[in-house]
Amino acid sequence: MVLGHEAIGGVVQEDGGESIRKGDLVMPVNRRGGCGHCLACLNGRPDFCETGGFVEAGIKGMHGFMRETYWDEERYLVRVPRGG
Ligand SMILES: [Zn+2]
């Protein structure tokens, strides 16, 4: 398993998403999926899953971000404003 559950990176290639653009800084969301049964997951908040039926990048059931590049879905990326 590739470790690394906290990351920040630069977008090097767009994938047709609506808000993420080449050159943006982004942070990937760690927790994905969800059990699909508990109230938190049914409300789209697997980070508050009550059953443990989720994966976490670099921690549980999914490779992390300690690598040169990775691809991710836009819904799992949080754009970080550049300071200025
Ligand atoms: Zn759940």
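Note that this is a predicted model, so its numbers are computed, not measured.

K.L.:
Before we move on, could you go through the packing of aromatic side chains and cite the residues and values that matter?
P.N.:
Summed over the entire model, instances satisfying the criterion amount to 1 aromatic pair. On the numbers, 4.7 Å between centres and 50 degrees between planes, the contact of Phe-65 with Tyr-70 is tilted. Residue Phe-65 is classed as buried on the basis of its relative accessible area, which comes to 7%. One residue, Arg-31, lies across the ring of Phe-54, its end atom 3.5 Å from the ring centre. Just above the ring of Phe-54 sits the side chain of Lys-60; from NZ or CZ to the centre is 4.5 Å.

K.L.:
Tell me about the pairing of strand S2 (residues 25–28), and name the residues and values.
P.N.:
Looking along a regular strand, one sees the side chains alternate between the two faces of the sheet. Only one face of S2 is buried, namely the one carrying Val-26 and Pro-28, since none of Leu-25 and Met-27 on the opposite face is buried. Taken together, the 2 bridges between strand S1 (residues 9–10) and S2 define a ladder with antiparallel strand orientation. Counterpart to Gly-9 in the pairing with S2 is Val-26. Bridge analysis of S2 against strand S6 (residues 77–80) gives 4 bridges, and the strand direction is antiparallel. Bridging from a neighbouring strand, Met-27 pairs with Val-78 of S6.

K.L.:
Help me get a handle on the nonpolar core, residues and values and all.
P.N.:
One finds Cys-35, Cys-38, Ala-40, Cys-41, Cys-49 and Phe-54 forming the largest nonpolar core, which totals 6 residues. Leave out the neighbours within four places in its chain, and Cys-49 touches Arg-31, Cys-35, Cys-38, Ala-40, Cys-41 and Phe-54.

K.L.:
Tell me what's going on with the side chain of Arg-31, and back it up with residues and numbers.
P.N.:
If you trace the backbone, Arg-31 turns up in strand S3 (residues 31–32). Arg-31 gets classed as buried once you look at its relative accessible area, which sits at 19%. In terms of polar contacts, Arg-31 uses its side chain to reach the backbone carbonyl oxygen of Asp-47, at 3.2 Å. Polar side-chain contacts of Arg-31 include one of 2.9 Å to the side chain of Glu-56. Sequence-distant contacts of Arg-31, defined by excluding residues within four places in its chain, comprise Pro-46, Asp-47, Phe-48, Cys-49, Phe-54, Val-55 and Glu-56.

Cut-offs used in this document
- Residues numbered from 1 in each chain as written.
- Predicted model: local features only at pLDDT ≥ 70, side-chain atom pairs only at ≥ 80, totals over all residues.
- Heavy atoms only, no water.
- Phe/Tyr/Trp six-rings, centres within 6.5 Å; stacked < 30°, edge-to-face > 60°.
- Buried < 20%, exposed > 50% of the residue type's maximum accessible area, 1.4 Å probe, protein only.
- Lys NZ or Arg CZ within 6 Å of the ring centre and 35° of its normal.
- Helix = DSSP H or I, 4+ residues; strand = E, 2+ residues; numbered from the N terminus.
- Pairing = 2+ DSSP bridges.
- Core = buried A, V, L, I, M, F, W, Y, C linked by side-chain atoms within 4.5 Å.
- Contact = heavy atoms within 4.5 Å.
- Polar contact = N/O pair within 3.5 Å; in protein donor to acceptor, adjacent residues only side chain to side chain.

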